[in-house]
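# Close look at the chain arrangement
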Amino acid sequence: MFPLHDINRAHRRPYVLYLLVILNLWGFFYTYFLTDPAYVIQAYGFVPARFLADPLGEWPTLFTSMFLHGGLLHLLGNLWFLWVFGDNVEDRLGHGRFLLFYLLGGVAAAFAQGLISGLADVPMIGASGAISALLGAYVVLYPRALILSLIGWIPVPVPAVIYLGYWLLLQFLGDFMGQEGIAFWAHIGGFVVGALLIRTFDPLRHH
């Protein structure tokens, strides 16, 4: 099921989401057109083993890694999910809380993948961990919102709790089947942390 858009109107412009899209596009342009991609990924990607050896020196990579991608499809896939699901979460949290939530979700996702992968020395890059946290938040905030999804070539409205449950199942299956090159536990960890953290971040729960 590929999400086309959600049927869930936001009431304010998602300025932070726009900023995140621009930063991810800039990170891609810088990596592949202005310098050496291998150097950028190695220097600014999050390497769990390197972080454990020097956390004070390596902590910036927890954040820089979120704005790097391994290719055009990697970038566009992440930005599409950010665009479909992120505006409603920003609408609910407000701009500042949304940015903090996004960054914390990305950090938590990186740690989850690092722990499960046995503190690997391979750079982790991509926005998918932070975006997974948004998906976890979305399913808690809007479980009944309809996601217009392509099933085959037919657009079908699917409740968010079903669509995102299906998405989460795919992450477990991908890891179980040993697909390489995808940080499935960053996705799973980000999703779980997002679903838990949103209860603290949601301003409407404190009224």
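Values in this document were obtained by computation on a predicted structure and should not be read as measured data.

### A few points about the nonpolar core
- Among the nonpolar cores identified, the biggest contains 47 residues, and Leu82, Phe85, Phe101, Tyr102, Tyr138 and Leu164 are the most heavily contacted of them.
- Secondary-structure elements contributing two or more residues to this core are helix 1 (15-34), helix 6 (72-93), helix 7 (95-116), helix 8 (128-141), helix 9 (160-176) and helix 10 (184-201).
- If you tally residues by element for this core, the top one is helix 8, at 9 residues.
- Residues in contact with Tyr138, not counting those within four places in the same chain, are Asp6, Asn8, Phe85, Asn88, Val89, Pro143, Ala145, Ile147, Ala160 and Leu164.

### A look at helix 1
- Over its 20 residues, helix 1 extends 27 Å from the first C-alpha to the last, a length consistent with the 28 Å expected when each residue adds 1.5 Å.
- Every buried residue of helix 1 is listed here: Val16, Leu17, Leu20, Val21, Asn24, Gly27, Phe28 and Thr31. Buried positions in helix 1, seen along its axis, are confined to an arc of 150 degrees and lie on one side of it. Along helix 1, exposed side chains directed more than 90 degrees from the buried face belong to Tyr15, Ile22 and Phe33.
- Residues of helix 1 that are buried in the fold lie against helix 2 (37-44), helix 6 and helix 7.

### Some remarks on the packing of helix 9 against helix 10
- Following both chains from N to C, one finds helix 9 and helix 10 inclined at 145 degrees, their axes separated by 9 Å at the closest point. Crossing geometry of helix 9 relative to helix 10 is assigned as left-handed. From helix 9, Leu164, Trp167, Leu168, Leu170, Gln171, Phe172, Gly174 and Asp175 reach across to helix 10, where they touch Phe184, Trp185, His187, Ile188 and Phe191.
- Each residue belonging to the contact of helix 9 with helix 10 can be placed in one class, and the counts come to 9 nonpolar, 3 polar and 1 charged.

### Side note on the pairing of strand 2 (residues 146-151)
- Two elements, strand 1 (residues 2-7) and strand 2, share 5 bridges in a ladder whose sense is antiparallel. By the bridge assignment, Asp6 is partnered in strand 2 with Ile147.
- Relative to strand 3 (residues 154-159), strand 2 is paired through 6 bridges, and the arrangement is antiparallel. Along strand 3, the bridge assignment pairs Leu150 with Pro155.
- From the end of strand 2 to the start of strand 3, which pair antiparallel, there are 2 residues, and Gly152 there has a positive phi angle of about 70 degrees.

Definitions and limits used
- Residues numbered from 1 in each chain as written.
- Predicted model: local features only at pLDDT ≥ 70, side-chain atom pairs only at ≥ 80, totals over all residues.
- Heavy atoms only, no water.
- Core = buried A, V, L, I, M, F, W, Y, C linked by side-chain atoms within 4.5 Å.
- Buried < 20%, exposed > 50% of the residue type's maximum accessible area, 1.4 Å probe, protein only.
- Helix = DSSP H or I, 4+ residues; strand = E, 2+ residues; numbered from the N terminus.
- Contact = heavy atoms within 4.5 Å.
- Expected span 1.5 Å × (residues − 1).
- Arc of directions from axis to C-beta.
- Axes fitted to C-alpha atoms, helices over the stretch in contact; angles between N-to-C directions.
- Left-handed = near helix turned anticlockwise from the far one by under 90°.
- Nonpolar A, V, L, I, M, F, W, Y, C, P; charged D, E, K, R; others polar.
- Pairing = 2+ DSSP bridges.

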